[in-house]
Amino acid sequence: MLRYTLRRFGFLLLTLVLTSIIIFVIAQVLPGDVARVLLGREAPESAVQALRVKLGLNDPLPVQYGRWLFKFVQGDWGESFSQQGRAIRPLVLERLTRSIWLAGITLVISVPLAILLGVLAGLNAGRPIDGVISVSSLALVGLPEFVTGIVLTNVLAYQLGWFPASSLVSPKASFQDTLPSLWLPAITATLVLLAYVIRLTRAGVIEVLKKAYVRTAVLKGLPWRQVITSHVLRNALLPTITVVAISFGWLISGLVVIENVYAYPGLGSLMSFAVARRDLPLMEAIAMMAVVFYTLANLAADLLYAWLNPRIRLE
Amino acid sequence: MPIEKQPVLDIRDVTIAYQIEEAHLDTVRNVSLQIGARQIYGLVGESGSGKSTLALAVMGYLAANGRVTGGQILLDGENLLEKSTAEMRSIWGRRMNLVPQDPGGALNPAIRVGEQIAEIARHHYGLSRKDAWARSIELLRDVRIADPQRVAQRYPHQLSGGMQQRVMIAMALSTEPRVLVLDEPTTALDVTTEATVLDLFNDLIQRHETATLYVTHNLGVVAQICHRVAVMYAGEIVEDADVRTLFCEPLHPYTIGLLRSVPRLRTDGGSDLMTIDGGLPSRSELPTGCIFAARCPFVQDRCRTIRPPYVEALPGHRVSCHRWEEIATGTLRLDALEHESPPQAERPVEPLLHAEVLSKRYPIGTPLLAQIRATITHIPPPAVRAVDEVSLDIHRGETIGLVGESGSGKTTFARCLVGLVDRSSGTVSLLSYFNLAPAVTDRPAEALQHIQMVFQNPDESLNPYQTVGEALRRPLMTLLHYRQDQADERIAALLRSVHLPEEYANRQPDELSGGEKQRVAIARAFATSPDLIVLDEAVSALDVSVQAAILKLLHELKRDTSYLFISHDLAVVAYLADTIAVMYLGQLVETLRTSELLQVPVHPYTEALLSAIPTPDPDAPRDRIRLDGEIPSPSDLPTGCRFHTRCPRKWGPICEQEEPPWVPATDGHLIRCHHPLDHLAIVQAETRKGAE
């Protein structure tokens, strides 16, 4: 298992290096001269050149990449072009914290619900309850997030008044203060996730129920509940766990639409802001964070899967 | 052996139906069996005969669309069919247990085997965690697992098939059940492992006084372990007698056919074989007369119209055949059918295929690091030596049988010859192609047409989305560059040669039976008229009667073609092969002519393989040589002679220290053993005499 962990960790580092190169190169090939963008269209050519030298933009690409990566690892993420030279790191980290809160709440709501519904559907495959669960979860995933978002806001915020309609919170707000604003975006994200996880869990349960070892367990005379908990779920939930862990990565940086709908200040909305403003250093930093969380989530999924699956753990 | 009068398990007139798309199909019809304590009742038949359905019905575990529509199943007088699932839960695992065919699939991969045994005692006896665990270790010791503490901690994938099946047996016997249902429990095991597991069953069943229903297609196993046998055909029992009577004086033509389709070793080394042509009748259109009429060699007009009654023909011997009296008196008999003696072909000097010191090593650990270490230290990197310096010549028209347990490296060797596995070193020469490339993709296209292969599982070797015709056309177009019309003609001829109708060219593989698929696979191998065909366990997955037909077909098709026939079953090999090569842990240990197989001396490993063959003869000698333990891992080979850890004929310390040399026993018979051959011959002859 230690060997396996080390190997996975090695792969993680390799992935990070490769994606950092890709991110850096993409940022370079985007049209527009950074110095020109910074100084404005009216600035004289000599000033632009001077800034280019100062920023090291005339150096060969590998040198620029090395310098960027070196600074990035040390925590110097540069300054934002679009926000009058604000340091990027505190900005990104603040947004990241909020994204982690949102992702956490979403998982807390969606995972138990999805697994419960998925297992229920799988154990009753072909019966009406399975039909209701499968069809309704699919119908929900088919709706775009801005539609479900608007409907939820209308019903839960305006008509019932359970949650605030806008999730705009002050940068200094603590988790407790933010919590009320988290529910609506979290429920919206849950509706997107739910169908995938339910389908996967349902398929896993159906698959495992057909296995000969389940027959063995039944023919041991064990109560049905024990057959399900100790023989079926243990094997059936393995694929689900992987998907849940990976979806954590998506929740961190992929909720662009949902964050915009609710005006929630997470990493996703910051990314769309950065792209709209051509703020290269900010984009690079956000992209790197997204990759780091994706790969970490992936690593966690792999390790958890291996730990739960002796066939991998003991290789 | 005293068998109690009151049956423990009483199956009375049971009929089982499956609902398939609106139709009710009776899969098992009016079956009755009584099994007493300590009795092992064999239930034999081809696949599709309904024997496994009956076994599952006895357990009360039919598929959702299956139902017992008539009759009773009594356990100690209680009708199980009237029990609810909740009531069955107190019977399952406690009074009735099942040991299924595939132990690997029947054990939960995520739970330690000790825990899987322990949960039964916890549930049924209310034992504490600690006591239940101690009990599982006790049970594992009972099924003769040497190191039960350690094995209990393991997960199923860490155990060999034989060990897994022992765990299943420990589980099944943990509550001293009244009834044990064994559904092909040794079919997935090696013949040497099968022999030890059968011994174990026999011992435990007598000790625990269990009534046992033993479902199998293997008549050899039945003869070895069962007291009574029922023969099932198309859902009905056609004959039922005690084991000796059934094997020596069978009354039903189907039983006779089954018995004859098992290849048996004869003293001259060949083996006899008979085939039952045709297949099972369709369940939806059962004939009005005798269900076996279409395949019966003794069929008369009345057989086609009148269903023969199931009668007690002789005391304790029931049969359903119109002509049993004629069979009983011997006025009606099957002549010993044709037997081809192994042709002792004159060997041309030049071999067709010549493999020299061929090895296949799989490196252990990171290949790059191992390579660097090896370069620095000049010590070869650690590796699994799957095939270790094997040299073999195959001559034109010759059939070589390659035998050995699983893990012996026989399949890897064959795949190296064909080029499906890249050999690590050594040479392979075929005809004028000296030193063929290791990988088939690097070999010249013209060389490929000369060597072809047939695989074990035709379900996996035929593309399910290609028609039979397309599968056969492929080699013709790519290797022989046939035109469309030439290919069509050749495909028709190929199908005829394997006794399939030409229209089969338009069928998909899933429209064919297992035997038919294997015929197609053989036709495909013959398509390019190759000089050598490698048959890797090509008949092992088939029913005995189908296996017999395929073996006959192979014999018939073979003219100038050479075969390399790989099997774990010596009796099957002996039917086809002129020469037998025995492999153990990646090395050849013996090569001999088939006619010498039952002579002495043979290599001690060959001797053990021979005595592990379950012979379909209840009077066959029982005092067998058993191999202790498992085949060692090829990554950690024993020093000296690789067989010394299990050898019953170990000569002395030299066996642990030095690799044995090849010693000629007779001309062309080579044995790799330290035991002096004249002495080996004497002790082997004594053992054999003692057994008879």
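Everything quoted here is computed from the prediction, not taken from an experiment.

Let us look at the packing of helix H5 (residues 88-123) of chain A against helix H8 (residues 175-209) of chain A. Residue and element names in this part refer to chain A. Between H5 and H8, the least distance of the axes is 4 Å, while the angle of their chain directions is 30 degrees. Helix-helix and strand crossings are classified by hand; for H5 and H8 the assignment is right-handed. Split into classes, the residues belonging to the contact of H5 with H8 amount to 27 nonpolar, seven polar and two charged.

Residues and elements named next belong to chain B. Strand order in the open sheet made by the four strands is E2-E1-E4-E5, with antiparallel pairing throughout. Only two strands of the sheet have a single neighbouring strand rather than two, namely strand E2 (23-35) and strand E5 (78-79). Relative to strand E1 (residues 9-20), helix H1 (residues 51-59) is tilted by about 110 degrees, and along the sheet it contacts E1, E2 and strand E4 (66-75).

A few words now on the pairing of E2 of chain B. Residues and elements named next belong to chain B. Note: E1 against E2, nine bridges, orientation antiparallel. From the neighbouring strand, Tyr 18 faces E2, where its bridge partner is Leu 25. The antiparallel hairpin formed by E1 and E2 contains two residues in its connecting segment, where Glu 21 sits at a positive phi of about 45 degrees.

All names here are of chain B. Counting 72 residues, the largest nonpolar core has Phe 201 and Phe 247 as its most contacted members. It is helix H7 (residues 161-173) that provides the largest number of residues to this core, a total of eight residues. Beyond its immediate chain neighbours, meaning those up to four positions away, Phe 201 contacts Val 99, Ile 169, Leu 182, Pro 185 and Ile 225. Counting 66 residues, the second largest nonpolar core, distinct from the first, contains Ile 580, Val 582, Val 602 and Leu 609.

Residues and elements named next belong to chain B. Scanning the model with the defined rule gives zero disulfides over all chains in all. As a non-bridged cysteine, Cys 321 has Cys 296 as the owner of its nearest cysteine sulfur, 6.1 Å distant. On the basis of relative accessible area, Cys 321 is assigned to the buried category, the value being 11%.

A few words on the interface of chain A and chain B. Counting residues at the interface gives 22 residues for chain A and 29 residues for chain B. A buried area of about 2300 Å², summed over both sides, lies between chain A and chain B, and 59% of it is on carbon and sulfur atoms. Considering only the surface of chain A that becomes buried against chain B, Arg 215, Leu 219 and Lys 220 of chain A emerge as the three largest contributors, covering 30% of it. Linking chain A with chain B are one salt bridge, by the criterion used here. Of the charged contacts, one joins Glu 119 of chain B and Lys 220 of chain A as a salt bridge, the two residues approaching to 2.7 Å between their closest N and O atoms. Seen at the junction of chain A and chain B, the total is 11 residue pairs in polar contact (both at pLDDT 80 or more). For the side of chain A that touches chain B, the secondary-structure elements that each account for two or more residues are helix H9 (212-219), helix H10 (224-236) and helix H15 (310-313) of chain A. Class assignment for the residues of the side of chain A that touches chain B results in nine nonpolar, six polar and seven charged.

Thresholds applied
Residues numbered from 1 in each chain as written. Chains lettered and ligands numbered in written order. Predicted model: local features only at pLDDT ≥ 70, side-chain atom pairs only at ≥ 80, totals over all residues. Heavy atoms only, no water. Axes fitted to C-alpha atoms, helices over the stretch in contact; angles between N-to-C directions. Helix = DSSP H or I, 4+ residues; strand = E, 2+ residues; numbered from the N terminus. Left-handed = near helix turned anticlockwise from the far one by under 90°. Nonpolar A, V, L, I, M, F, W, Y, C, P; charged D, E, K, R; others polar. Pairing = 2+ DSSP bridges. Contact = heavy atoms within 4.5 Å. Core = buried A, V, L, I, M, F, W, Y, C linked by side-chain atoms within 4.5 Å. Buried < 20%, exposed > 50% of the residue type's maximum accessible area, 1.4 Å probe, protein only. Disulfide = S-S within 2.5 Å. Buried area = accessible area lost by both parts, 1.4 Å probe. Salt bridge = Lys/Arg side-chain N within 4 Å of Asp/Glu carboxyl O. Polar contact = N/O pair within 3.5 Å; in protein donor to acceptor, adjacent residues only side chain to side chain.

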